[in-house]
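Chain by chain, the residues:
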Amino acid sequence: MRYIAVRTATTTANDPYILLHSDMAASGRSREQRWSLAGKTALVTGGSKGIGRAIVEELAGFGVRVHTCARSDADLQECLRRWGADGRLARVTASACDVAVRGDRERLVAAAAEELGGRLDILVNNAGQTMFRAATETTAEDYARIMATNLESCFHLSQLAHPLLLAAAAASPGGDASAVVNVSSIGGFVSYPALSVYSATKGGMNQLTRSLAVEWAKDNVRVNCVAPGGIRTDIARSSGLKLDPEVARKMGEAEMARTPMRRIGEPEEIASLVAFLCMPAASYITGQVICADGGRTVAA
Ligand SMILES: NC(=O)c1ccc[n+]([C@@H]2O[C@H](COP(=O)([O-])OP(=O)(O)OC[C@H]3O[C@@H](n4cnc5c(N)ncnc54)[C@H](OP(=O)(O)O)[C@@H]3O)[C@@H](O)[C@H]2O)c1
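Residues numbered from 1 in each chain as written. Predicted model: local features only at pLDDT ≥ 70, side-chain atom pairs only at ≥ 80, totals over all residues. Heavy atoms only, no water.

Looking up the protein chain in an unreviewed UniProt entry gives the name Ketoreductase domain-containing protein, with the organism given as Urochloa decumbens.

*Asks:* Can you help me understand the overall build of the protein chain in this one?
*Replies:* Tallying secondary structure elements over the protein chain gives nine helices and nine strands in all. A compact globule built from 300 residues would reach a C-alpha radius of gyration of about 19 Å, and the protein chain, at 20 Å, matches this within 12%. Projected onto its principal axes, the C-alpha positions of the protein chain cover 70 × 45 × 35 Å. Considering only residue pairs separated by 6 or more positions, the protein chain has 73% of its internal contacts joining residues 24 or more positions apart. When the accessible surface of the protein chain is totalled, it reaches about 14800 Å², and 56% of it is carbon and sulfur. Here the protein chain contributes 33 positively and 31 negatively charged side chains, and the mean placements of these two sets differ by 3 Å. (Helix = DSSP H or I, 4+ residues; strand = E, 2+ residues; numbered from the N terminus. Rg over C-alpha atoms; globule rule 2.2 N^0.38 Å. Contact = heavy atoms within 4.5 Å. Areas by Shrake-Rupley, 256 points an atom, 1.4 Å probe, with all protein chains shown as cover. Lys, Arg positive; Asp, Glu negative; His and termini not counted. Charge placed at Lys NZ, Arg CZ, Asp CG, Glu CD.)

*Asks:* How should I be thinking about the nonpolar core in this particular structure?
*Replies:* Soluble, globular proteins show a tendency: their nonpolar side chains are buried together. Residues Ile-55, Leu-59, Val-66, Val-124 and Val-274 are the most contacted members of the largest nonpolar core, which totals 30 residues. Breaking this core down by element, the ones donating at least two residues are β3 (41-45), α2 (50-61), α3 (73-84), β6 (122-125), β7 (178-183) and α9 (267-278). Ranked by the residues each element gives to this core, the list is headed by α9, at seven residues. Every residue in contact with Ile-55, bar those within four places of it in the chain, is listed here: Val-44, Val-124, Asn-126, Val-183, Ala-271 and Val-274. The next biggest cluster of nonpolar side chains, apart from the first, holds 25 residues, and it includes Leu-43, Ala-213, Trp-216 and Val-221. (Core = buried A, V, L, I, M, F, W, Y, C linked by side-chain atoms within 4.5 Å. Buried < 20%, exposed > 50% of the residue type's maximum accessible area, 1.4 Å probe, protein only.)

*Asks:* How should the site of the ligand be read in this particular structure?
*Replies:* Taken together, 30 residues sit near the ligand, with Ser-48, Arg-71, Tyr-198, Thr-233 and Ser-238 positioned nearest. At 3.1 Å, a side-chain N or O of Lys-49 approaches an oxygen atom of the ligand. Ser-238 is positioned with one of its side-chain polar atoms (N or O) 2.6 Å from an oxygen atom of the ligand. When isolated, the ligand has an accessible area of 880 Å², and the protein chains bury 96% of it. If you list the elements that add at least two residues to the shell around the ligand, you get α2, α6 (196-216) and α7 (235-238). A class-by-class count of the residues in the shell around the ligand yields 10 nonpolar, 15 polar and five charged. (Near = heavy atom within 4 Å. Polar contact = N/O pair within 3.5 Å; in protein donor to acceptor, adjacent residues only side chain to side chain. Nonpolar A, V, L, I, M, F, W, Y, C, P; charged D, E, K, R; others polar.)

*Asks:* Got a minute to help me understand the environment of Gly-52 in this structure?
*Replies:* By the secondary structure assignment, Gly-52 is in helix α2. Through-space distance from the C-alpha of Gly-52 to that of Ala-179 is 16 Å; in sequence the pair is 127 residues apart. Filtering out sequence-adjacent residues up to four positions away, Gly-52 remains in contact with Val-44, Gly-46, Gly-47 and Asn-126.

*Asks:* Hey, could you run me through the UniProt feature "domain: Ketoreductase" (unreviewed entry) in the protein chain in this one?
*Replies:* Cross-referencing UniProt, the feature "domain: Ketoreductase" (unreviewed entry) maps to residues 40-189 in the present numbering. Between the end C-alpha atoms of residues 40-189 the distance is 32 Å, and the span holds 47% helix and 17% strand. (UniProt positions renumbered as here; feature names shortened; annotations may be inferred.)

*Asks:* Would you mind going over the sheet that holds β6 with me for this structure?
*Replies:* Two orientations exist for strands paired in a sheet by backbone hydrogen bonds: parallel and antiparallel. Pairing within the open sheet is parallel, and its seven strands lie in the order β5-β4-β3-β6-β7-β8-β9. The sheet is open, and its two borders are formed by β5 (93-96) and β9 (289-292), each paired with just one other strand. The sheet shows a mean angle of 20° between the axes of neighbouring strands, taken without regard to direction. Here strand β8 (residues 221-228) runs beside β9; their pairing, made up of four bridges, is parallel. Counted as the bridge partner of Cys-225 is Val-289 from β9. Contacts from helix α4 (residues 102-115) reach β3, β4 (65-70) and β5, with the element oriented near 155° to β4. The sheet strands contacting α9 are β6, β7, β8 and β9, and the helix crosses β8 at an angle near 165°. (Pairing = 2+ DSSP bridges. Axes fitted to C-alpha atoms, helices over the stretch in contact; angles between N-to-C directions.)

Next comes the structure, spelled out in structure tokens:
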């Protein structure tokens, strides 16, 4: 570990200098280096649709080699076919995996490590499902499924990826930190009726982000979280919900009425924040949960 001595505004000639670790700092890097992800590798869960697909495309567009997953192999094959014709996206690889299943998670990280040449700089825990169900009607199976899909997968995949992330940070020529980005939800901050279990998983992801950030700072692994508001995806259908279109329309209108920007977000508006959090430009940011929600969570 190298140290640099820093004299602060309040130190005098006799005061000891403050010692800071210099290995992990981004100082001395050019703007191009700070805003670059070239040569990095990433595992993004749930990349066949919605926000995850936008994240895969954003990272790959920055020159990241990405491995992704989803439960539906047919959807993944369709994505790979489309990406195959498109420059940097052609390098994306994928494997089918249900992140709710422990063995699948182990196989996923092994597959990613193999596809990415044994190196992993970035993990994005995005795959998730929602469930609208009154607490009094929620079964033990409902609870276990949503917890395993959203929260347990986030913890276990981070745990499995940790040795690879640590090794990538140690091998980074510029001293760049590795990055974990979790995708939670504003449901982890505000409370909606019939979303108690989903919201509990997202609140758990927010706190897990802070805890892992503190635990892994010494390993040069940054851990952050993006909490989206309403984003234009098909999550209700992918989660197996059959919402009455009229009820869905009214829910959407009520949500927009409470959103200062008065519009739904687009998947790309989450992907750009995720990409930023992975960059050396975000090198002093860890343990943060950032809402991308058109102002929804700060409105009176
Ligand atoms: N859309 C929103 O308004 C919104 C708001 C706040 C937070 N979020 C969060 O953002 C994340 C992405 O949501 P989205 O809206 O993009 O959903 P989406 O369009 O339904 O996409 C979800 C992706 O995750 C995959 N997936 C779902 N369950 C999985 C599992 N058990 N194992 C592996 N892959 C799985 C899906 O593929 P398969 O179905 O083939 O598995 C799909 O690729 C979720 O964590 C969600 O909670 C979304």
